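Okay, here's what each chain looks like letter by letter:
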Amino acid sequence: MSDLSGFLVIDKPAGITSHDVVAQVRRALNTKKVGHAGTLDPMATGVLVLGIGNGTRLLQYITEGKKAYLATIYLGAATTTDDKDGEQISKASVEQIGSSQIQIELAKFVGKIMQRPSSVSAIKIDGKPAHERVRAGEVVEIKPREVEVFDLQIQSIEKKDDFYLVKILVTCSAGTYIRAIARDLGDQLKCGGHLVELRRTLVAPFDISQAKQLDAIDETQITNTTHAVTKLFSTRSLSFEEVAEIKFGRFIDASDGESIFAALDNQGEFVALLQNKLVGSNKKAAPILVVNN
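Structural notes, computed from the coordinates. (Residues numbered from 1 in each chain as written. Predicted model: local features only at pLDDT ≥ 70, side-chain atom pairs only at ≥ 80, totals over all residues. Heavy atoms only, no water.)

**Thoughts on the pattern of salt bridges**
Side-chain pairs of opposite charge can arise where the charged atoms are in close proximity.
Next up, step 1: Summed over the entire model, instances satisfying the criterion amount to 13 salt bridges.
Next up, step 2: The salt bridge involving Arg 183 is made with Asp 184; its shortest N-O contact spans 2.8 Å. There is no split in this pair, since Arg 183 and Asp 184 are both buried.
Next up, step 3: Of the charged contacts, one joins Arg 250 and Glu 245 as a salt bridge, the two residues approaching to 3.2 Å between their closest N and O atoms.
Next up, step 4: By relative accessible area, Glu 245 is classed as partly exposed at 30%.
Next up, step 5: In this structure, a network of salt bridges that share partners links the residues Asp 41, Asp 83 and Arg 179. (Salt bridge = Lys/Arg side-chain N within 4 Å of Asp/Glu carboxyl O. Buried < 20%, exposed > 50% of the residue type's maximum accessible area, 1.4 Å probe, protein only.)

Okay, here's the thing in structure tokens:
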């Protein structure tokens, strides 16, 4: 149905790509207008937010939001991809490493940090994803970038014969790579590290409790666009005349504050995103996205 619009939260299973999920949902809902917010690797599971219809136009704002992950790190070996799907490139003893050292090193990741993304990430280099360049045999080195880890909780530290399994819960900014945390923790402890499990539990404002199973989806599970935007943005109610103005792309009186506002009509339905801008010497609210009903 081409008039479907909103968001669908999927609990992505392991072993398929985010694009595979989009393709399956397109078939299930009989609509082509489906996109996703924030790629999950094939090995990863958990929250994958899909935009349906007009919802696709808001995905960029969801992609930029806060994320949370449950992860299991293997300490004692490094891989080419910084996760279990890659080839092992080094192995080292963890015999001299105590759990207190692991705790101390993990604490250093909290806050604003410079992080070098994995070379097999989806980051584009000259228009081509890094992972495609790596698979084509190129040597790829991505420059470090600032990310923020808001919280990192250690769930467990389990010593095996010649390696550790460390389970962590990470809440972080968009653009943070949990595989990179596993790799860098292994580097700091001089034993090598990689990710063996990853489950995303939050893509703000959507969490795992809202996620649906991919093999049992239907249109009744789509979250209304208005419901979602009121959680993403401050709201502003517009008069009938103001709605008419922004539908024509015209400016209206400025909103209070400098953030993006979700504009609602007199029925409480989402009609546009507004942002203040200077027009000459006057401040006006300009439509940056208008819903086509």
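**Looking at the side chain of Thr 45**
Next up, step 1: Along the chain, Thr 45 turns up in strand β3 (residues 45–52).
Next up, step 2: There is a polar contact of 3.0 Å between the side chain of Thr 45 and the side chain of Arg 199.
Next up, step 3: Ignoring any residue separated from it by four or fewer positions in sequence, one finds Thr 45 in contact with Lys 12, Pro 13, Ala 14, Leu 40, Leu 198, Arg 199 and Arg 200. (Helix = DSSP H or I, 4+ residues; strand = E, 2+ residues; numbered from the N terminus. Polar contact = N/O pair within 3.5 Å; in protein donor to acceptor, adjacent residues only side chain to side chain. Contact = heavy atoms within 4.5 Å.)

**Things to note about the layout of surface pockets**
Next up, step 1: Its boundaries defined by the atoms lining it, the second largest pocket holds a volume of some 230 Å³.
Next up, step 2: Elements with a contribution of two residues or more to the lining of the second largest pocket: β5 (77–79), β6 (88–91) and α5 (178–188).
Next up, step 3: Of the residues that constitute the lining of the second largest pocket, the class distribution is four nonpolar, eight polar and six charged. (1 Å grid on protein atoms, 1.4 Å probe; cavity = no way out; pocket = protein on both sides within 12 Å on 5 of 7 lines; lining within 4 Å. Points joined across faces, edges and corners; volume = space filled by probe spheres on them. Nonpolar A, V, L, I, M, F, W, Y, C, P; charged D, E, K, R; others polar.)

**A few points about helix α6 (residues 225–232)**
Next up, step 1: For α6, the full list of buried residues reads Thr 225, Thr 226, Ala 228 and Val 229. End-on, the buried residues of α6 take up no more than an arc of 160 degrees, which puts them together on one face.
Next up, step 2: The secondary structure elements touched by the buried residues of α6 are β1 (6–12), β13 (206–207), β17 (261–264) and β18 (270–279).
Next up, step 3: The opening residue of α6 is Asn 224, an N-cap whose side-chain oxygen sits 2.7 Å from the backbone nitrogen of Thr 226. (Arc of directions from axis to C-beta.)

**Some points on the nonpolar core**
Next up, step 1: Core analysis: the biggest nonpolar cluster contains 29 residues, and Leu 75 and Ile 178 have the highest contact counts within it.
Next up, step 2: Put simply, the parts of the chain that give this core at least two residues each are β4 (67–75), α3 (99–107), β10 (145–159), β11 (164–172), α5 and β12 (193–203).
Next up, step 3: Apart from residues no more than four positions distant in its own chain, Ile 178 is found in contact with Tyr 69, Ala 71, Val 170, Cys 172, Leu 195 and Leu 198.
Next up, step 4: Grouped together as the second largest cluster of nonpolar side chains are 22 residues, Val 9, Val 47, Ile 260 and Phe 270 included. (Core = buried A, V, L, I, M, F, W, Y, C linked by side-chain atoms within 4.5 Å.)

**Things to note about the environment of Ala 180**
Next up, step 1: Counting through the fold element by element, Ala 180 comes out in helix α5.
Next up, step 2: Overall, the relative accessible area of 0% leaves Ala 180 in the buried class.
Next up, step 3: With 64 residues separating them in the primary sequence, Ala 180 and Arg 116 have C-alpha atoms 6.9 Å apart.
Next up, step 4: Not counting residues up to four positions away in its chain, the partners in contact with Ala 180 are Gln 115 and Arg 116.

**Focus: the packing of aromatic side chains**
Next up, step 1: Tallied over the full model, the rule gives three aromatic pairs.
Next up, step 2: Ring centres of Tyr 61 and Phe 233 lie 5.4 Å apart, and the angle between their planes is 80 degrees; on these two criteria the pair is classed as edge-to-face. Here Phe 233 lies in the loop between α6 and β15 (234–237) and Tyr 61 lies in helix α2 (residues 59–63), a separation of 172 residues in the sequence.
Next up, step 3: Residue classification places Tyr 61 among the buried positions, given a relative accessible area of 17%. (Phe/Tyr/Trp six-rings, centres within 6.5 Å; stacked < 30°, edge-to-face > 60°.)

**Considerations on the pairing of strand β19 (residues 282–290)**
Next up, step 1: Looking at chain direction, strand β16 (residues 252–253) and β19 are connected through two bridges and run antiparallel. From the neighbouring strand, Asp 253 faces β19, where its bridge partner is Lys 284.
Next up, step 2: Examined bridge by bridge, β18 and β19 share eight bridges and lie antiparallel to one another. Residue pairing across strands places Ala 272 opposite Val 290, the latter belonging to β19.
Next up, step 3: The turn joining β18 and β19, which pair antiparallel and follow one another in sequence, is formed by two residues; a positive phi near 70 degrees is taken by Gly 280. (Pairing = 2+ DSSP bridges.)

**Considerations on the side chain of Thr 201**
Next up, step 1: Along the polypeptide, Thr 201 turns up in strand β12.
Next up, step 2: Take Thr 201: its relative accessible area is 17%, and that puts it in the buried class.
Next up, step 3: Thr 201 has contacts with Val 47, Ala 68, Tyr 69, Leu 70, Phe 206, Asp 207 and Ile 208, leaving out every residue within four places of it along the chain.

**Some points on unusual backbone geometry**
What is expected of a backbone is that most residues other than glycine have negative phi and most peptide bonds are trans.
Next up, step 1: For the bond running from Ala 204 to Pro 205, omega is 10 degrees, close enough to zero to count as cis.
Next up, step 2: For Asp 82, which is not a glycine, the phi torsion comes out positive at approximately 65 degrees.
Next up, step 3: In this model, Lys 190 sits at a positive phi of 60 degrees, which is unusual for a non-glycine residue.
Next up, step 4: The residue Lys 190 is located in the loop between α5 and β12 in this model.

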